[in-house]
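Remarks on the overall topology
Listed below are the residues making up each chain.
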Amino acid sequence: MSLHLRKLSANIGAHVSGVDVSGPLDGDTRAALREALNVHKALVFDDVDLDDDSQQAFVRQFGDVTTAHPTVPAVDGAPNVLPVDSERGVANHWHTDVTFVLNPPQASTLRSITIPPYGGETLIASSAAAYRQLPEPLRALADTLWAEHTNDYDYAVPAEEIDEERDAQRAQFTSITFRTAHPVVRVHPLTGERGLFIGGFAQRIVGLSVGESRRILDLLQSYVVRPENVLRHRWSEHQLVLFDNRITQHYAVDNYDKQPRRLHRVTAAGDIPVGVDGKESYSIEGDAAHYTSVAA
């Protein structure tokens, strides 16, 4: 093994070289990558020789692979691969993948397929750094809070921007309604590190009104998206990005003038989140058994 890591910023991100991700990893390499992911939260691999099958095989070395999405169609012939395609719309809001189900993915991979000549970056933020930066009284409050996450909410898209195609996409996305309560502060199962577990699918603080919830969530979110907590990844051809979905958020920047942009996403099944008090998340509505197994 000749794995080499180069930090990309103080709080998040490392570039990985010296590893061939297209084939099986030996135990030492797999353990080193897991540790690197624990430390850096997001890993970037250049010049990868991957297709849909080998991307899935890479992810399986870290856990069971989920299906593509609970409601959104997969790549034709590859039920575990989600096309992140500009033709399907843009995901230009901060989120952690699929937090509206009971056990969201533990890790996500994105592989570049079609890259616009400019723009189209993916921002990835460390929610662990955000938690550490909270003032002590706000941290103590966050430790006690739970939030309801759902895929069925008002995206606040102006009416004039909703055409027949976008309306159909939203109908598909919400074809099964999911609502799950997660701790606002999640304890990472491998490191014990605490991170803010919120993002775009977190719509309400349990026990508070929508208006009160929005103020608190916006305040906490402002720490997540501080520039010093964000890796701004500019895509190039033949790249793979692996990030820890348990302790990050991400955002696809819509700044490429509607030119073609396509990534393929494969995710590893996750565990049920646990808060600082040891209590697990609980489902309110929707069964995601068709989408994911539960990681031990």
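So, here is what we can say about the structure in this document. The structure displayed is predicted, hence computed values, not measured ones.

What counts and how
- Residues numbered from 1 in each chain as written.
- Predicted model: local features only at pLDDT ≥ 70, side-chain atom pairs only at ≥ 80, totals over all residues.
- Heavy atoms only, no water.
- Patch = residues over 30% accessible without salt bridge, like charges linked within 9 Å, V, L, I, M, F, W, Y side chains within 5 Å.
- Areas by Shrake-Rupley, 256 points an atom, 1.4 Å probe, with all protein chains shown as cover.
- Salt bridge = Lys/Arg side-chain N within 4 Å of Asp/Glu carboxyl O.
- Lys, Arg positive; Asp, Glu negative; His and termini not counted.
- Charge placed at Lys NZ, Arg CZ, Asp CG, Glu CD.
- Helix = DSSP H or I, 4+ residues; strand = E, 2+ residues; numbered from the N terminus.
- Buried < 20%, exposed > 50% of the residue type's maximum accessible area, 1.4 Å probe, protein only.
- Phe/Tyr/Trp six-rings, centres within 6.5 Å; stacked < 30°, edge-to-face > 60°.

Quick word on a negative patch on the surface
Together, Glu87, Asp163, Glu164, Glu165 and Asp167 line one region of the surface with negative charge. Note that Asp167 resides in helix α5 (residues 164-173).

What to know about unusual backbone geometry
The backbone of Lys41 sits at a positive phi, close to 75 degrees, despite the residue not being glycine. Following the sequence through the fold, Lys41 ends up in the loop between α1 (27-40) and β3 (42-45). By relative accessible area, Lys41 is classed as buried at 4%. Residues other than glycine seldom take positive phi values, yet His238 does so here, at roughly 60 degrees. Positionally, His238 belongs in the loop between β12 (230-233) and β13 (240-244). In this structure His238 comes out as partly exposed when scored by relative accessible area, which is 47%.

Here's the deal with the packing of aromatic side chains
Think of a pair of aromatic rings as described by two things: how far the centres are apart, and how the planes are tilted against each other in angle. Under the definition given, this model contains eight aromatic pairs. Ring centres 6.0 Å apart and planes at 75 degrees place the aromatic pair Phe45 and Phe58 in the edge-to-face group. Within this pair, whereas Phe45 is found in strand β3, its partner Phe58 is found in helix α2 (residues 52-60), the two being separated by 13 residues in sequence. Across the pair, exposure class does not vary: Phe45 and Phe58 are buried alike. Where Phe100 meets Phe173, the ring centres are 5.9 Å apart and the plane angle is 75 degrees; that geometry is what we call edge-to-face.

Everything listed here is a matter of geometry and, on its own, says nothing about what the molecule does.
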